[in-house]
Amino acid sequence: MGVTVNVSNAILHIARNGAELGEITAAYWCRQARNAIEDHGAFYVALSGGSTPRLLFEHLALPSYRDAIDWTKVFILFGDERCVPKDHEDSNFRMARETLLAPLGIREENVYRIQTERGPDGAALDYAETLARVVPGGMLDLVMLGLGPDGHIASLFPGTAALNEGNTTVVPVFVEKFSSWRITITFPVLAKARRIMLLTAGEGKAAIVAEILDKESNHEPYPVEMIRAREQIDFFMDEGAAGRLEGAL
Ligand code: 6PG
């Protein structure tokens with residue numbers, strides 16, 4: 001099923017199509033959840049936002065996965081959030097609620113939403129406290145990340161001060177290109193995470209995927225290349241996103 005390629009700091013998992021990408025990412029997510037629950041009785045995961053995770057969440061809601069995980073031991077956090085109300089169409093929480101939380105009946109007490117109603121600074125401060133209170137040692141079992149065409153991950157966008165944050169775990173960030181505020185976890189949180197799953201799909205991401213994996217390319221590091229992870233990052237993509245990889249590997 002698909003191909004796996006080991007590159008310097010990532011393991012590439014390339015699916016032939018969307019259905020296969022949903023399948024291999026759900027199997028991986030389920031494995032991480034079961035391992036964590038077996039190891040320390042809980043699975044602390046930070047979900048990524050945007051549209052790509054929808055495929056994975058819909059797969060996890062299928063009986064084969066729904067019945068394979070003790071969801072009462074799964075604690076859901078978020079890697080980032082747009083500063084919009086939780087019911088807004090751009091809300092990462094809303095997308096997760098519609099495709100994962102509600103279909104699986106995940107209890108509200110197991111879900112830690114970024115409370116955007118507190119405003120950028122208040123929400124970031126509150127979420128940093130939540131992360132410290134809820135997650136033992138601040139060490140998430142899995143952080144899910146999407147990849148923007150500009151190489152951003154979570155809401156760590158090129159050129160923002162958030163990239164230089166070395167202590168605070170959650171910060172507000174004003175994203176010029178969207179003229180909007182976001183809340184994001186920072187690199188120190190990624191550095192602590194047991195596993196990081198990078199998930200991207202579609203031809204629109206082929207250029208950035210090829211560039212960050214091209215050892216010959218001497219571009220300014222993108223945010224995704226600034227991650228200092230404990231383990232190799234599991235990088236999942238479909239053939240569309242892998243479309244320009246031949247020469248880069
Ligand atoms: C967000 C995300 C962001 C996203 C990428 C990819 O809140 O938008 O966390 O980092 O993962 O922008 O987004 P798509 O999956 O929509 O391409």
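The rules we used
- Residues numbered from 1 in each chain as written.
- Predicted model: local features only at pLDDT ≥ 70, side-chain atom pairs only at ≥ 80, totals over all residues.
- Heavy atoms only, no water.
- Near = heavy atom within 4 Å.
- Polar contact = N/O pair within 3.5 Å; in protein donor to acceptor, adjacent residues only side chain to side chain.
- Areas by Shrake-Rupley, 256 points an atom, 1.4 Å probe, with all protein chains shown as cover.
- Nonpolar A, V, L, I, M, F, W, Y, C, P; charged D, E, K, R; others polar.
- Core = buried A, V, L, I, M, F, W, Y, C linked by side-chain atoms within 4.5 Å.
- Buried < 20%, exposed > 50% of the residue type's maximum accessible area, 1.4 Å probe, protein only.
- Helix = DSSP H or I, 4+ residues; strand = E, 2+ residues; numbered from the N terminus.
- Contact = heavy atoms within 4.5 Å.
- Axes fitted to C-alpha atoms, helices over the stretch in contact; angles between N-to-C directions.
- Parallel < 35°, antiparallel > 145°, perpendicular 65-115°, else oblique.

Novice: Could you give me a rundown of the site of the ligand, with the residues and numbers involved?
Specialist: Around the ligand sit 14 residues, and of these Thr52, Arg82, His152, Ala154 and Lys205 come closest. In the environment of the ligand, an oxygen atom lies 3.3 Å from a nitrogen or oxygen atom belonging to the side chain of Arg182. Surface burial for the ligand is 87%, taken as the share of its 410 Å² of free accessible area covered by protein chains. When its residues are assigned to classes, the shell around the ligand shows three nonpolar, seven polar and four charged.

Novice: Provide a residue-level description of the nonpolar core, including the pertinent values.
Specialist: By size, the foremost hydrophobic cluster in this structure holds 88 residues, and its most contacted members are Trp29, Leu47, Ile76, Ile153, Leu190, Phe235 and Met237. The element that contributes the greatest number of residues to this core is helix α1 (residues 18-40), accounting for nine residues. Among all residues touching Leu47, those that are not within four sequence positions of it are Trp29, Phe57, Ile76, Leu77, Phe78, Gly79, Asp80, Ala96, Leu100 and Met144.

Novice: Hey, could you go over the packing of helix α2 (residues 53-60) against helix α4 (residues 92-104) for me, with residue numbers and the actual values?
Specialist: Running from N to C, α2 and α4 point in directions that differ by 10°, and their axes come no closer than 9 Å. On the basis of their axis angle, the class for α2 and α4 is roughly parallel. Between α2 and α4, the contacting residues are Pro53, Arg54, Phe57, Glu58 and Leu60 on the first element and Met95, Ala96, Glu98, Thr99, Leu100 and Leu104 on the second. Per-class residue counts for the contact of α2 with α4 are seven nonpolar, one polar and three charged.

Novice: Outline the side chain of Asp80, supporting the account with residue identities and numerical values.
Specialist: Positionally, Asp80 belongs in strand β5 (residues 80-82). For Asp80, the side chain forms a polar contact with the side chain of Ser155, separated by 2.6 Å. Not counting the four nearest positions on each side in its chain, Asp80 is found in contact with Leu47, Gly49, Asn92, Ile114, Ala154, Ser155, Arg182, Ile183 and Thr184.

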